[in-house]
Amino acid sequence: MFMHRSTLLPFNLFLFFSETEQANDVPAKKSKKSESEVLYNMVVEVPRWSNAKMEIAIKEPLNPIKQDEKKGKLRYVANIFPHKGYIWNYGALPQTWEDPGQKDKETNCCGDNDPIDVCDIGTQVCSTGQVIQVKVLGILAMIDEGEMDWKVIAINAEDPDAKNLNSIEDVRKNRPGHLEATVEWFRKYKVPDGKPENKFGFNGEFKDKDFAVEIIKSTHEHWRALVQKQKNTGGIDCKNTLCCDSPFRCTTDEAREVVQSVRTSLALWHFV
């Protein structure tokens, strides 16, 4: 297949938090499991152990998930010894945006123009396009070619280990070597493509859950400004069906037409 697209419309259409209850157009922060735990919806782009570089196509209508291309060729990540492909379920939090016009005060780098990335360290191997509820544990400040590219560390709320992992220190204690492998993977995964090693803020140290939640909230606010046209979209397609106060909102029928046109074009390509 030349390119994989799902019918999932992830960048704008799913609630930021996992709760359906909302107040003043802001999703509820409190989860049903406890008084303090916050769960988020994660859109899985890349299943664990796979190599195809699947990602949310933010510049295409309704933001389908597709395999990235470079110079007309589909992109894959190399195996970084001793690992096979991505070492977690890798994806993003919808309704977040790392604003390229916003400089991070700690690292002095601007955002990478994408939703914030998530590494699910749960044991289940998920599927591209799957939406799971995750519990945030911490965050890593990766700097990719001078751009701020936060990596949220989280665990599927349905994972058997989720009840035992409540902080980044719990990961360090119960999953020895996992955090070190994560830093090493992100440091080196572009090297086989001839690029330099990635760098990190905070000397490559993971920040805690509270810090991570503040970063997520900030990227959510940037996203809200984007879909309300308070920010230059920079080519991002903000068409959506759910954001009531967004000038980019479209009807369900219009969204179906977009999806059907993509399916038709793919069918014609396969026929050729």
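Not measured: the values here are computed from a predicted model.

### Some words on the environment of V262
Alright, step 1. Considering the arrangement of structural elements, one finds V262 in helix α5 (residues 252-271).
Alright, step 2. With a relative accessible area of 23%, V262 lands in the partly exposed category.
Alright, step 3. Expressed as a C-alpha distance, the spacing of V262 and P61, which sit 201 residues apart in the sequence, is 9.6 Å.

### Details of the side chain of D68
Alright, step 1. By the element assignment, D68 lies in the loop between β5 (65-67) and β6 (69-70).
Alright, step 2. In this structure D68 comes out as buried when scored by relative accessible area, which is 16%.
Alright, step 3. Every residue in contact with D68, bar those within four places of it in the chain, is listed here: K53, E55, K73, L74 and R75.

### Points about the packing of aromatic side chains
Alright, step 1. Applying the stated criterion to the full structure yields 12 aromatic pairs.
Alright, step 2. Taken together, a centroid distance of 5.9 Å and an interplanar angle of 55° make the contact between W150 and F211 tilted. Taken together, the residues W150 in strand β12 (residues 147-156) and F211 in helix α4 (residues 209-227) connect sequence positions 61 residues apart.
Alright, step 3. Seen in terms of ring centroids, F186 and Y189 are 6.2 Å apart; in terms of plane orientation they differ by 80°. Their pairing is edge-to-face.
Alright, step 4. A relative accessible area of 0% means that F186 is categorised as buried.
Alright, step 5. By relative accessible area, Y189 is classed as buried at 9%.
Alright, step 6. Taken together, the ring pairs in this structure connect Y86, W88, Y90, W185, F186 and Y189 into an aromatic cluster.
Alright, step 7. The side chain of K207 reaches across the aromatic face of F211, ending 5.2 Å from its centre.

### Comments concerning the pattern of salt bridges
Alright, step 1. The final tally for this structure, using the stated rule, is 16 salt bridges.
Alright, step 2. Measuring nitrogen to oxygen at the nearest pair gives 2.8 Å for the salt bridge that ties D68 to R75.
Alright, step 3. Across the pair E145 and K195 runs a salt bridge, and its minimum N-O distance is 3.2 Å. Of this pair, E145 sits in the loop between β11 (131-144) and β12 while K195 sits in the loop between α3 (178-188) and β13 (199-200), and the two are 50 residues apart along the sequence.
Alright, step 4. A relative accessible area of 25% places K195 in the partly exposed class.
Alright, step 5. Taken together, the shared-partner salt bridges in this structure form one network comprising D144, E145, K190 and K195.

### Considerations on the pairing of strand β3 (residues 39-46)
Alright, step 1. Of all eight residues that make up β3, eight are buried, and the element is covered over most of its length.
Alright, step 2. Bridge count for β3 against β11 is five bridges, and the pairing is antiparallel. Looking at the pairing, V43 lines up with V131 of β11.
Alright, step 3. Looking at chain direction, β3 and strand β8 (residues 89-92) are connected through three bridges and run antiparallel. Looking across to β8, one finds that V44 is bridged to G91.

### Side note on the nonpolar core
Alright, step 1. Among the nonpolar cores identified, the biggest contains 40 residues, and W88, I121, W185 and F186 are the most heavily contacted of them.
Alright, step 2. Of all the secondary-structure elements, those providing two or more residues to this core are β3, β4 (54-56), β8, β11, β12, α2 (168-174), α3 and α4.
Alright, step 3. Here the element with the most residues in this core is α3; it accounts for five residues.

### Details of the confidence of the model for the protein
Alright, step 1. Overall, the predicted model of the protein reaches an average pLDDT of 87, with 85% of residues at or above 70.
Alright, step 2. Across residues 1-9, where pLDDT falls below 50, the model places 35 contacts with residues more than four positions away in sequence or in other chains.
Alright, step 3. For the stretch residues 20-32, pLDDT sits under 50, and the model shows 24 contacts to residues farther than four places along the chain or on other chains.

### Things to note about the environment of I87
Alright, step 1. Along the polypeptide, I87 turns up in the loop between β7 (73-74) and β8.
Alright, step 2. Under the relative-accessibility criterion, I87 is labelled buried at 6%.
Alright, step 3. Here the alpha-carbon distance between I87 and P47, two residues 40 residues apart in the chain, equals 8.8 Å.
Alright, step 4. Apart from residues lying up to four places away in sequence, I87 is in contact with R48, W49, A181, T182 and W185.

### Considerations on α3
Every α-helical turn comprises 3.6 residues, leaving residues that sit three or four positions apart pointing alike.
Alright, step 1. Buried within α3 are the following residues: H178, L179, A181, T182, V183, W185 and F186.
Alright, step 2. On its buried face, α3 is in contact with β8, β10 (117-120), β11, β12, α2 and β13.

### Remarks on the side chain of D159
Alright, step 1. Tracing the chain through its elements places D159 in the loop between β12 and α2.
Alright, step 2. Buried charged residue D159 carries no salt bridge. Nearest counter-charge: R175, at 4.3 Å.
Alright, step 3. One polar contact links the side chain of D159 to the main-chain amide nitrogen of D161, over a distance of 2.8 Å.
Alright, step 4. Beyond its immediate stretch of four places on either side in the chain, D159 contacts G122, T123, Q124 and R175.

So, how was this worked out
Residues numbered from 1 in each chain as written. Predicted model: local features only at pLDDT ≥ 70, side-chain atom pairs only at ≥ 80, totals over all residues. Heavy atoms only, no water. Helix = DSSP H or I, 4+ residues; strand = E, 2+ residues; numbered from the N terminus. Buried < 20%, exposed > 50% of the residue type's maximum accessible area, 1.4 Å probe, protein only. Contact = heavy atoms within 4.5 Å. Phe/Tyr/Trp six-rings, centres within 6.5 Å; stacked < 30°, edge-to-face > 60°. Lys NZ or Arg CZ within 6 Å of the ring centre and 35° of its normal. Salt bridge = Lys/Arg side-chain N within 4 Å of Asp/Glu carboxyl O. Pairing = 2+ DSSP bridges. Core = buried A, V, L, I, M, F, W, Y, C linked by side-chain atoms within 4.5 Å. pLDDT = per-residue confidence, 0-100. Lys, Arg positive; Asp, Glu negative; His and termini not counted. Polar contact = N/O pair within 3.5 Å; in protein donor to acceptor, adjacent residues only side chain to side chain.

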